[in-house]
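# Inside the fold
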Amino acid sequence: VYIIYVLTKACIRKIEGAQIIFIGVILVFITTMGDILYVNSVITTDYRFPIGVIMSVFFQAIVLGQNILKSLTRTEVLVRENRIMVDEILKLNLNLEKRNKELSNIAIYDNLTGVYNRSYFESTISRLDKEEELPIAIIIGDVNGLKLVNDAFGHLKGDMLLKKIVEILKDSCRDKDIIARIGGDEFVIILPSSDADRAEKVIESIRENCNKTDFDPIKPSISL
């Protein structure tokens, strides 16, 4: 009776699975009462209690199966959501790495010419200031006519002149040589494991490449 009372309240509150279990318990109750009446010769039916128990277990199995199915469904949903979250985290990590790389590039590269900036040059000098790195040659240069080009033809043309000078410097240096822009029209080239003769050859190569290069309105040149 107490179980029927509890299940009745559960059905009223519409608790999931309560109605199905309630039917199973009612069947057990009815078959139990029937068997009592049969034993006391009130009715002429046979024993029905085992049938009631089997049906009750069957209805409980239905509820249990539904709960397991819903749990599996929730698990699949959680797994799917987890995969989506992992994908989003991976995307965020990739964007963060990309952003960090951009910030790193901003920190060491000159925004206009693409060569290293003054900050990177100073840190590199400190890093290379070791006896085992010697000899080191350094070439310092000033672009000729940049102010004239800026004043007469505009800063856009002046920027183009700086980029052309950088192309010449790169063509004249080795891959391991370090080119940096340390001022508006000032550049410096660090030549690791190089002596003065090597530096003179690089300077001569830069001058030759300047003479070979055509640029409007003036021929590129740099004092070294």
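Report on the accompanying structure. Here the structure is a predicted model, which means the values were calculated and not measured.

## Details of the packing of helix α1 (residues 2-12) against helix α2 (residues 18-39)
Contact geometry of α1 with α2 gives a least axis separation of 9 Å together with a crossing angle of 155°. One element, α1, and the other, α2, form an angle in the roughly antiparallel class. Once α1 is placed against α2, the crossing between them reads as left-handed. The residues of α2 that touch α1, namely those facing Ile3, Ile4, Leu7, Thr8, Ala10 and Cys11, are Ala18, Gln19, Ile21, Phe22, Val25, Ile26 and Phe29. In terms of residue class, the contact of α1 with α2 is built from 11 nonpolar, two polar and no charged.

## Re the nonpolar core
Membership of the largest hydrophobic core comes to 24 residues, with the highest contact counts inside it found for Val143, Phe187, Ile189 and Ile206. If you tally residues by element for this core, the top one is helix α6 (residues 155-172), at six residues. By size, the runner-up hydrophobic cluster in this structure holds eight residues, among which are Tyr120, Leu128, Ile178 and Ala180.

## Points about α2
Its 22 residues place the ends of α2 31 Å apart at the C-alpha level, agreeing with the 32 Å of an ideal helix rising 1.5 Å per residue. Of the residues one or two after α2, Ser41 is the one with positive phi, at around 60°.

## Quick look at a nonpolar patch on the surface
Nonpolar side chains collect at one region of the surface, where Val1, Phe29, Ile30, Met33 and Ile36 lie side by side and expose about 500 Å² of accessible area between them. Its location among the elements puts Ile30 in helix α2.

## Comments concerning the side chain of Thr113
As for its placement among the helices and strands, Thr113 is situated in the loop between α3 (49-108) and α4 (118-128). Here Asp110 takes part through its side chain, which lies 2.6 Å from a polar atom of the side chain of Thr113. Thr113 has contacts with Leu162, Val166, Arg181 and Phe187, leaving out every residue within four places of it along the chain.

## Notes on a negative patch on the surface
There is a patch of like negative charges on the surface, built from Asp195, Asp197, Glu200, Glu204 and Glu208. Secondary-structure assignment places Glu208 in helix α7 (residues 196-212).

## What about the state of the cysteines?
On inspection of all chains with the given rule, the structure shows zero disulfides. No disulfide involves Cys173; its sulfur sits 11 Å from that of Cys210, the nearest cysteine. Judged by its relative accessible area of 11%, Cys173 falls in the buried class.

## Some remarks on the packing of aromatic side chains
Considering all chains together, one arrives at five aromatic pairs under this definition. Aromatic pair Tyr38 and Tyr47: ring centres 5.1 Å apart, planes at 75°, arrangement edge-to-face. We classify Tyr38 as partly exposed; its relative accessible area is 27%. Relative accessible area serves as the criterion here: at 48%, Tyr47 is assigned to the partly exposed category. Considering the side-chain rings of Tyr116 and Tyr120, the 3.9 Å spacing of their centres and the 15° angle between planes classify their relative orientation as stacked. In this structure, Lys157 packs its charged tip against the face of Phe215, placed 5.5 Å from the ring centre.

## Examining the environment of Cys173
Here Cys173 is to be found in the loop between α6 and β2 (178-181). A sequence separation of 33 residues divides Cys173 from Ile206, and the C-alpha atoms of the two residues are 8.5 Å apart. Residue contacts for Cys173: discarding those within four places in its chain leaves Ile179, Ile189 and Val202.

## Here's the deal with the pairing of strand β3 (residues 186-192)
Most of β3 sits out of view: six of its seven residues are buried. As paired elements, strand β1 (residues 136-143) and β3 share seven bridges and run antiparallel to each other. Bridge pairing links Ile140 to Val188 in β3. Relative to β3, β2 runs antiparallel, the two being bridged by four bridges. The partner of Ile179 across the bridge, within β3, is Ile189. Two successive antiparallel strands, β2 and β3, enclose a turn made up of four residues.

Thresholds applied
- Residues numbered from 1 in each chain as written.
- Predicted model: local features only at pLDDT ≥ 70, side-chain atom pairs only at ≥ 80, totals over all residues.
- Heavy atoms only, no water.
- Axes fitted to C-alpha atoms, helices over the stretch in contact; angles between N-to-C directions.
- Helix = DSSP H or I, 4+ residues; strand = E, 2+ residues; numbered from the N terminus.
- Parallel < 35°, antiparallel > 145°, perpendicular 65-115°, else oblique.
- Left-handed = near helix turned anticlockwise from the far one by under 90°.
- Contact = heavy atoms within 4.5 Å.
- Nonpolar A, V, L, I, M, F, W, Y, C, P; charged D, E, K, R; others polar.
- Core = buried A, V, L, I, M, F, W, Y, C linked by side-chain atoms within 4.5 Å.
- Buried < 20%, exposed > 50% of the residue type's maximum accessible area, 1.4 Å probe, protein only.
- Expected span 1.5 Å × (residues − 1).
- Patch = residues over 30% accessible without salt bridge, like charges linked within 9 Å, V, L, I, M, F, W, Y side chains within 5 Å.
- Areas by Shrake-Rupley, 256 points an atom, 1.4 Å probe, with all protein chains shown as cover.
- Salt bridge = Lys/Arg side-chain N within 4 Å of Asp/Glu carboxyl O.
- Polar contact = N/O pair within 3.5 Å; in protein donor to acceptor, adjacent residues only side chain to side chain.
- Lys, Arg positive; Asp, Glu negative; His and termini not counted.
- Charge placed at Lys NZ, Arg CZ, Asp CG, Glu CD.
- Disulfide = S-S within 2.5 Å.
- Phe/Tyr/Trp six-rings, centres within 6.5 Å; stacked < 30°, edge-to-face > 60°.
- Lys NZ or Arg CZ within 6 Å of the ring centre and 35° of its normal.
- Pairing = 2+ DSSP bridges.

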